[in-house]
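Structural description and commentary
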Amino acid sequence: MSTQSVLFDAPGPKAKRRILLLNIIGALIFLGLIAYLIYGLYGAGQLTPEKWNVFATGSVWTNFILPGLIKTLQSAAISIVTSLIFGFIFGMGRLSHNKFLNWISTIVVEFFRAVPVLLMMLFLWIMLANSGWVQPADSPFFAVVIGLTLYNGSVVAELIRSGVHGLPKGQREAGIAIGLTRTQSLSFIEIPQALTAMLPALISQFIVILKDSALGYIINFNELLFMSKLVGTGNSNTFQSLVIAAAIFIILNFALSKLASYVSGRLSSRGIA
């Protein structure tokens, strides 16, 4: 007996027909809303070729879109690496038997998980711009990277902690039985297995990092959204510029989502996930 049949009864013929009818009605309503939106945009002149022709020129892409995309990818890539380092360090701290280290790590992780990432970016932007530690022009980039690192690194630390606690206790006992210390068992046996099992969740968190990099627009970080808005302001086609930026983000996130699905499928076929 499957879990699904235990939780609720399988729908009968009448229920299946009702579900199909509701799905058709929902699809028609959705298509109607899309058609209404397109009609409204057409009536407002937002679908005329003149509004889109600017994106057929190479200068817009080389001077605005691609530099913004590169900044987005740079900030996301650096934040992914630093989040993994942060998460590993404080994940180990939360798993430590040293009460002081465990206490400090728990406070750090829970604090940065609770603070909105945009609030951290704003605070760091103001602090870095006024501290003289970095050039004022570079403060938005550092604020975005540090903010993403602190928030997502805390999530990674929690993933590591929950992943290790989800392992069979026999893994730890086997490591101790062959002479490993608690720390060695964590480092060489438990955490590698936890990371393997949590890999799809980690990749999903990488998608969050990529999307949240767009929050840098608020603090004048010249990433993809910011540069697209400049194109829209300069050419009076803000809507079209945002559509292009959204399409690029969708493609990037779709690719990462497919990677997460592929990794999850591979791990499941091996009996790991």
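1. A few points about the overall build of the protein
Helix and strand counts for the protein come out as twelve helices and zero strands. Listed N to C, the secondary structure of the protein is α-α-α-α-α-α-α-α-α-α-α-α in terms of helices and strands. Its C-alpha atoms give the protein principal-axis dimensions of about 75 × 70 × 30 Å. When burial is assessed residue by residue, the protein has 36% of its 273 residues classed as buried. Partitioning the intrachain contacts of the protein with sequence separation of at least 6 by distance along the chain shows that 72% fall at a separation of at least 24. About 16,000 Å² of surface is accessible on the protein, with carbon and sulfur atoms providing 70% of the total. Side-chain charges in the protein split into 18 positive and 9 negative, and the spacing between the mean points of these groups amounts to 9 Å.

2. Quick look at the packing of aromatic side chains
Applying the stated criterion across every chain, the model contains seven aromatic pairs. Between F86 and F112 the ring centres are 6.5 Å apart and the planes differ by 80 degrees, which places this aromatic pair in the edge-to-face class. Taken together, the residues F86 in helix 4 (residues 58–95) and F112 in helix 5 (residues 99–114) connect sequence positions 26 residues apart. Each member of the pair F86 and F112 is classed as buried. Centre to centre, the rings of Y217 and F226 are 6.2 Å apart; their planes meet at 55 degrees, and the pair counts as tilted. Accessibility expressed as a relative area gives 28% for Y217, which makes it partly exposed. The class for F226 is buried, based on a relative accessible area of 18%. Cluster of aromatic residues (ring-pair linked, three or more members): F86, F90, F111 and F112. Sitting over the ring of F141, K71 keeps its end group 5.7 Å from the ring centre.

3. Side note on helix 4
End to end, helix 4 covers 52 Å across 38 residues, agreeing with the expected 56 Å (1.5 Å per residue, within 8%). At I65, helix 4 shows its strongest bend, of approximately 35 degrees, with the proline P67 following within four residues.

4. Re the pattern of salt bridges
By the definition in use, this model includes five salt bridges. In this structure, E158 and R113 form a salt bridge, with 3.9 Å as the shortest nitrogen-oxygen distance. With E158 in helix 7 (residues 139–165) and R113 in helix 5, this residue pair connects regions lying 45 residues apart in the sequence. Overall, R113 belongs to the partly exposed group, its relative accessible area being 35%. Here E158 ties to R161 by a salt bridge, and the two come within 2.4 Å at their closest N and O atoms. Taken together, the residues span about one helical turn, with E158 and R161 both in helix 7 at a distance of three residues. A residue is classified by how much of its surface remains accessible, and E158, at 15% relative accessible area, is buried. A single network of salt bridges, built from pairs that share partners, joins R94, E110, R113, E158 and R161.

Here is what the cut-offs are and how they apply
Residues numbered from 1 in each chain as written. Predicted model: local features only at pLDDT ≥ 70, side-chain atom pairs only at ≥ 80, totals over all residues. Heavy atoms only, no water. Helix = DSSP H or I, 4+ residues; strand = E, 2+ residues; numbered from the N terminus. Buried < 20%, exposed > 50% of the residue type's maximum accessible area, 1.4 Å probe, protein only. Contact = heavy atoms within 4.5 Å. Areas by Shrake-Rupley, 256 points an atom, 1.4 Å probe, with all protein chains shown as cover. Lys, Arg positive; Asp, Glu negative; His and termini not counted. Charge placed at Lys NZ, Arg CZ, Asp CG, Glu CD. Phe/Tyr/Trp six-rings, centres within 6.5 Å; stacked < 30°, edge-to-face > 60°. Lys NZ or Arg CZ within 6 Å of the ring centre and 35° of its normal. Expected span 1.5 Å × (residues − 1). Bend = angle between axes of the 7 residues up to and from the residue. Salt bridge = Lys/Arg side-chain N within 4 Å of Asp/Glu carboxyl O.

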